[in-house]
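Summary of the model geometry
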Amino acid sequence: MNQLVPSSTETGHYSRLLEGMAHAVAAKGYAETTIADIVAEASVSRRTFYEHFTTKAECLIALYEAASHNALKVLSDAIDPSHGWEEQVERALGAYLGCMSVNPVLMRTLFIEILGLGAEGLAARRRVNQEIADYMLGVVNAGRAEKLSPQLAMAVVGGIHELVLQAIEDGKVTELPELTKTATRLVKAVTRP
């Protein structure tokens with residue numbers, strides 16, 4: 001489907017179900033998506049769905065985490081240690097935002113619908129944000145005497161994701177790469193001694 005969703009050849013039925021969920025929510029939105037839609041898109045049985053997930057919400061959380069991990073991999077792959085950390089941050093953020101801009105409907109589902117799942121969705125969002133903040137700390141703090149704190153790293157991740165949410169709400173997901181300069185300036189501002 002795109003860089004956000006794992007390929008169906010990667011891990012069999014589980015991955016096919018995630019891809020099926022992604023296709024179904026991209027076509028219909030989360031609220032209108034049924035388990036029947038997911039299994040039809042995945043070309044698997046309802047029984048196979050229940051071997052991996054107990055609910056549609058659990059499948060959405062798994063998709064959210066898989067898509068987030070794939071976006072983090074895109075960010076990570078954009079890092080080139082031969083460049084200074086500031087250039088690495090800009091390249092990584094550009095790749096990350098570019099990856100997310102590919103599928104506006106899926107991004108809306110993942111960023112907004114995940115919160116509608118209550119405590120489970122919020123916990124998934126926090127886990128993903130923590131992974132991104134931890135990764136950012138590793139890149140930004142490498143070889144620096146003045147270290148970025150974990151709290152500031154989380155604040156940056158939260159701030160960037162609020163910009164993404166605003167773009168989603170404004171129907172401007174395809175314009176996410178344009179936020180690269182702003183996001184980079186934010187990282188640079190909080191990392192100055």
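A brief structural summary. (Residues numbered from 1 in each chain as written. Predicted model: local features only at pLDDT ≥ 70, side-chain atom pairs only at ≥ 80, totals over all residues. Heavy atoms only, no water.)

1. Topic: the overall build of the chain
Secondary structure summary: the chain contains 9 helices and 0 strands in total. Along the chain, from the amino end to the carboxyl end, the secondary structure elements read α-α-α-α-α-α-α-α-α. Over its C-alpha trace the chain gives a radius of gyration of 17 Å, about what one expects of a compact globule, namely 16 Å for 193 residues. Burial status across the chain gives 48% buried among its 193 residues. Counting only contacts in the chain whose residues sit at least 6 apart along the sequence, the fraction spanning at least 24 positions is 66%. Accessible surface for the chain amounts to roughly 9,300 Å². Of this, 53% is attributable to carbon and sulfur atoms. (Helix = DSSP H or I, 4+ residues; strand = E, 2+ residues; numbered from the N terminus. Rg over C-alpha atoms; globule rule 2.2 N^0.38 Å. Buried < 20%, exposed > 50% of the residue type's maximum accessible area, 1.4 Å probe, protein only. Contact = heavy atoms within 4.5 Å. Areas by Shrake-Rupley, 256 points an atom, 1.4 Å probe, with all protein chains shown as cover.)

2. Observations regarding unusual backbone geometry
Although it is not a glycine, S43 adopts a positive phi angle of roughly 55°. With respect to the element layout, S43 can be found in the loop between α2 (35–42) and α3 (46–52).

3. A short note on empty space enclosed by the protein
Tallied over the entire structure, the rule returns 2 cavities of 30 Å³ or more. A volume near 180 Å³ is recorded for the largest cavity. In terms of lining residues, the largest cavity is bounded by 15 residues, among which L75, V89, L93, I132 and M136 are the most central. Where the lining of the largest cavity is concerned, the elements lending two or more residues are α5 (85–100), α7 (119–141) and α8 (150–169). Top element by residues in the lining of the largest cavity is α7. It accounts for 5 residues. Considered class by class, the residues forming the lining of the largest cavity number 14 nonpolar, 1 polar and no charged. For the second largest cavity, the calculated volume is near 130 Å³. (1 Å grid on protein atoms, 1.4 Å probe; cavity = no way out; pocket = protein on both sides within 12 Å on 5 of 7 lines; lining within 4 Å. Points joined across faces, edges and corners; volume = space filled by probe spheres on them. Nonpolar A, V, L, I, M, F, W, Y, C, P; charged D, E, K, R; others polar.)

4. A short note on the side chain of N129
Topologically, N129 is positioned in helix α7. Not counting the four nearest positions on each side in its chain, N129 is found in contact with M154, V157 and H161.

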